[in-house]
Amino acid sequence: NASNLVRLEPTFLAVSCERIKQALLSELGAPSAWRGKVYLSLRPVQSDDDPIVVNSSQFTDGWMYQVELPDAVESSRLVSTVVRVLLLEMANRNAGTHPTELPIWLTEGLSEELRAASEIELVVQPPRQMINSVNISQMLRSARKTDPLTAAHQRLRSRPPPTMEQLSWPTDEQISGQAGEVYRSSAQLFVHELLRLKNGRADLR
């Protein structure tokens, strides 16, 4: 649905990526010790589900990541993509010649958890209003914390969750449409419970 797309502009995209990075570091209790380089490029959007391309390249001084995005995308896809690249950067710091393969449940689960638990909007949109010739952007969000699992529980009440095998190796049909919502809710619940275990954050890192 085109109405769900967020227009991406370089300056605001950079701010969004930084917000997502800080939220991920806070969720994992991880230090900011980045080694890789991430380059983002925007192209004109063609459809609601334009592909997002992530390429990893290894050099003598570390890994480089190139992310090609349509200039309008759903905020959930943007958060998921940035989380995936950040996790790759963390996982590849001690990798060999091949990049680490991340389980989809980890990327999607953490993305959903960040979106549900963040006290600020992770994706910053360009201003849309003009007041006295000044651009005004409505980016306010209540800082009051709510249960980040509320939406996930609501989705899973009426639909059966995926099995562990489906969570680990989902088909394309299982991660798209309404089935995709169930998958992401299950992944979020799984990641949330892992983080709550004793030393959960450290073990997940």
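Our subject in this report is the structure included herewith. (Residues numbered from 1 in each chain as written. Predicted model: local features only at pLDDT ≥ 70, side-chain atom pairs only at ≥ 80, totals over all residues. Heavy atoms only, no water.)

### Focus on the side chain of E112
Part 1 of the reasoning: By the secondary structure assignment, E112 is in helix α3 (residues 104-117).
Part 2 of the reasoning: Within the local environment of E112, its side chain forms a polar contact with the side chain of R115, the two groups lying 3.1 Å apart. (Helix = DSSP H or I, 4+ residues; strand = E, 2+ residues; numbered from the N terminus. Polar contact = N/O pair within 3.5 Å; in protein donor to acceptor, adjacent residues only side chain to side chain.)

### Thoughts on the sheet that holds strand β4 (residues 62-70)
Part 1 of the reasoning: Reading across from one edge, β2-β4-β3 is the order of the three strands in this open sheet, with mixed pairing throughout. At either margin of the open sheet sits one strand with a lone partner, and together these are β2 (37-43) and β3 (53-59). Averaged over all adjacent pairs, the angle separating strand axes in this sheet is 20°, with direction ignored.
Part 2 of the reasoning: Bridge analysis of β3 against β4 gives seven bridges, and the strand direction is antiparallel. (Pairing = 2+ DSSP bridges. Axes fitted to C-alpha atoms, helices over the stretch in contact; angles between N-to-C directions.)

### Focus: the pairing of β4
Part 1 of the reasoning: Alignment of β2 against β4, held across seven bridges, turns out to be parallel. Residue pairing for β4: S41 is matched across the bridge by E68.
Part 2 of the reasoning: What sits between the antiparallel neighbours β3 and β4 is a turn of two residues.

### So, the pattern of salt bridges
Part 1 of the reasoning: Under the defined criterion, the tally for this structure stands at eight salt bridges.
Part 2 of the reasoning: With its nearest N and O atoms 2.8 Å apart, the salt bridge here joins R93 to E89.
Part 3 of the reasoning: The exposure class of E89 is buried, given its relative accessible area of 4%.
Part 4 of the reasoning: Residue R115 is joined to E112 by a salt bridge in which the shortest nitrogen-to-oxygen separation is 3.1 Å. One end of the pair, R115, and the other, E112, are both in helix α3, three residues apart, so they sit about a helical turn from each other. (Salt bridge = Lys/Arg side-chain N within 4 Å of Asp/Glu carboxyl O. Buried < 20%, exposed > 50% of the residue type's maximum accessible area, 1.4 Å probe, protein only.)

### Re unusual backbone geometry
Part 1 of the reasoning: Residue N199 is not a glycine yet carries a positive backbone phi of 60°.
Part 2 of the reasoning: Relative to the elements of secondary structure, N199 occurs in the loop between α6 (177-196) and α7 (200-204).

### A short note on the packing of α3 against α6
Part 1 of the reasoning: Between α3 and α6, the least distance of the axes is 7 Å, while the angle of their chain directions is 85°. Classified by the interaxial angle, the pair formed by α3 and α6 is roughly perpendicular. In contact with I104, W105, L106, E108, G109, L110, E112, E113 and A116 of α3, α6 contributes Y183, R184, A187, Q188, F190, V191, H192, L194 and L195.
Part 2 of the reasoning: A breakdown of the residues in the contact of α3 with α6 according to their chemical character gives eleven nonpolar, three polar and four charged. (Parallel < 35°, antiparallel > 145°, perpendicular 65-115°, else oblique. Contact = heavy atoms within 4.5 Å. Nonpolar A, V, L, I, M, F, W, Y, C, P; charged D, E, K, R; others polar.)

### A closer look at the packing of aromatic side chains
Here a ring pair, both rings aromatic, is described through the centre-centre distance and the interplanar angle of the planes.
Part 1 of the reasoning: Counting across every chain of the model gives one aromatic pair.
Part 2 of the reasoning: Between the aromatic rings of W105 and F190, the centroid separation amounts to 4.9 Å while the plane-to-plane angle is 55°, which identifies the pairing as tilted. With a gap of 85 residues between them, W105 in helix α3 and F190 in helix α6 connect regions that are remote in the sequence.
Part 3 of the reasoning: Using a relative accessible area of 25% as the deciding quantity, one classes F190 as partly exposed.
Part 4 of the reasoning: Sitting over the face of the ring of W34, R93 holds its NZ or CZ atom 4.9 Å from the ring centroid. (Phe/Tyr/Trp six-rings, centres within 6.5 Å; stacked < 30°, edge-to-face > 60°. Lys NZ or Arg CZ within 6 Å of the ring centre and 35° of its normal.)

So, to be careful, I would describe these as geometric facts and stop short of saying anything about function.
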